[in-house]
Amino acid sequence: MAFALAEAGADIILVQRDESNTATRDEIINRLGRKAHIHVAELSDRKSVKEIVPSVTSQGWKPDILVTCAGIQRRHPSHQFPDEDWDEVLEVNLSSVFVLCREFGAYLLSRDASEFPSGRRGSIINVASLLTFQGGITVPAYAASKGGIGQMTKALSNEWISKGINVNAIAPGISTQT
């Protein structure tokens, strides 16, 4: 997704746990000639997530597209699913996405409307999953978090579309051919 946006002319900010993997950033800069920056944040830490938008904008960036694709998975039979695994999956996969959407939406809404002559302030694209709709087996926390992404996306879209913010979700899946 970062490559596709860069190929379409966007500069890219990659949010990662650390800066050890620079391959995507380097390829965006060297092959595509776009600006790319790594912002370090821990998505399991709500304070760290809340600081992403203010930190990025204080560095002079003016983002108008947010793509969220946070996702971790823990597998256990549902009747034995540990509370701490449930909490961790929901925090990363759903709560961090909501916080980031909220902060990004607030940022877009705080900008002067004259900056957006078309009326379109920006876009949010959340990555859901086929399990948003199918449920899965031994992954109740993941399925619940991705189901939550689907409903949260609808709620944000309903509220913000009239304010010029498009909010959509995509649900990638596996395609097989015989």
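It should be emphasised that the depicted structure is a prediction, and the values quoted were computed from it without experimental measurement.

Chemist: Which residues make up the environment of R25, and what values do they have?
Modeler: Within the fold, R25 resides in helix α2 (residues 23–30). Taking the C-alpha atoms as reference, R25 lies 6.6 Å from H37; in sequence the two are twelve residues apart. If near-sequence neighbours (up to four positions away) are discounted, R25 is found in contact with L14, E19, A36, H37 and I38. A polar side-chain atom of R25 sits 3.0 Å from a polar atom in the side chain of D26.

Chemist: Outline the packing of aromatic side chains, supporting the account with residue identities and numerical values.
Modeler: Within this structure, the stated rule accounts for two aromatic pairs. Where F81 meets W86, the ring centres are 6.4 Å apart and the plane angle is 90°; that geometry is what we call edge-to-face. Classification of F81 as buried rests on a relative accessible area of 12%. The partly exposed category is assigned to W86, whose relative accessible area is 36%.

Chemist: Could you give me a rundown of the sheet that holds strand β3 (residues 65–68), with the residues and numbers involved?
Modeler: Within the open sheet, the three strands sit side by side as β3-β4-β5. Their pairing is parallel. Looking at which strands have only one partner, the edges of the open sheet turn out to be β3 and β5 (165–170). The sheet shows a mean angle of 10° between the axes of neighbouring strands, direction not considered. Here helix α5 (residues 83–110) sits on the sheet in contact with β3, β4 (122–127) and β5, set at roughly 175° to β3. Lying over the sheet, helix α7 (residues 140–160) contacts β4 and β5, oriented at roughly 160° with respect to β5.

Chemist: Residues and numbers for unusual backbone geometry, please.
Modeler: It is generally the case that most residues other than glycine have a negative phi and that most peptide bonds are trans. Phi at T138 takes a positive value of approximately 60°, unusual for a residue other than glycine. With respect to the element layout, T138 can be found in the loop between α6 (131–134) and α7. Look at T138 and you get partly exposed, because its relative accessible area is 28%.

Chemist: Quick one: what's the story with the environment of K47, residue by residue and with numbers?
Modeler: Mapped onto the elements of the fold, K47 is located in helix α3 (residues 46–50). Residue K47 is classed as exposed on the basis of its relative accessible area, which comes to 58%. Taking the C-alpha atoms as reference, K47 lies 26 Å from P140; in sequence the two are 93 residues apart. A polar side-chain atom of K47 sits 2.9 Å from a polar atom in the side chain of E51.

Criteria and cut-off values
By convention here, each chain's residues receive numbers from 1 onward along its written sequence. Only residues with pLDDT of at least 70 get local features here, since the model is predicted, and only at 80 or more are side-chain atom pairs given and counted; chain-wide, interface and lining totals rely on the full set of residues. Neither water nor hydrogens contribute to the side-chain values; these are computed over all heavy atoms in the structure. In this description a helix means any DSSP run of H or I spanning at least four residues, a strand means any run of E spanning at least two, and both kinds are numbered starting from the N terminus. What makes two residues a contact is simply this: any of their non-hydrogen atoms within 4.5 Å. Any N or O atom pair separated by 3.5 Å or less is treated as a polar contact, with the protein-specific requirement of one donor-capable and one acceptor-capable atom, and with residues adjacent in sequence counted only for side-chain atom pairs. In this analysis, rings of Phe, Tyr and Trp, with Trp reduced to its six-membered ring, are considered paired at centre separations within 6.5 Å, and the interplanar angle assigns stacked below 30 degrees, edge-to-face beyond 60, and tilted for intermediate values. Relative accessibility under 20% of the residue-type maximum defines a buried residue, over 50% an exposed one, and the middle range a partly exposed one, all with a 1.4 Å probe and only protein chains included. A strand pair is defined by DSSP finding two or more bridges across the two strands. Note on geometry: axes are lines fitted to C-alpha atoms, helical ones only across the stretch in contact, with angles between N-to-C directions running from 0 to 180 degrees.

Distances and angles like these do not, on their own, reveal function.
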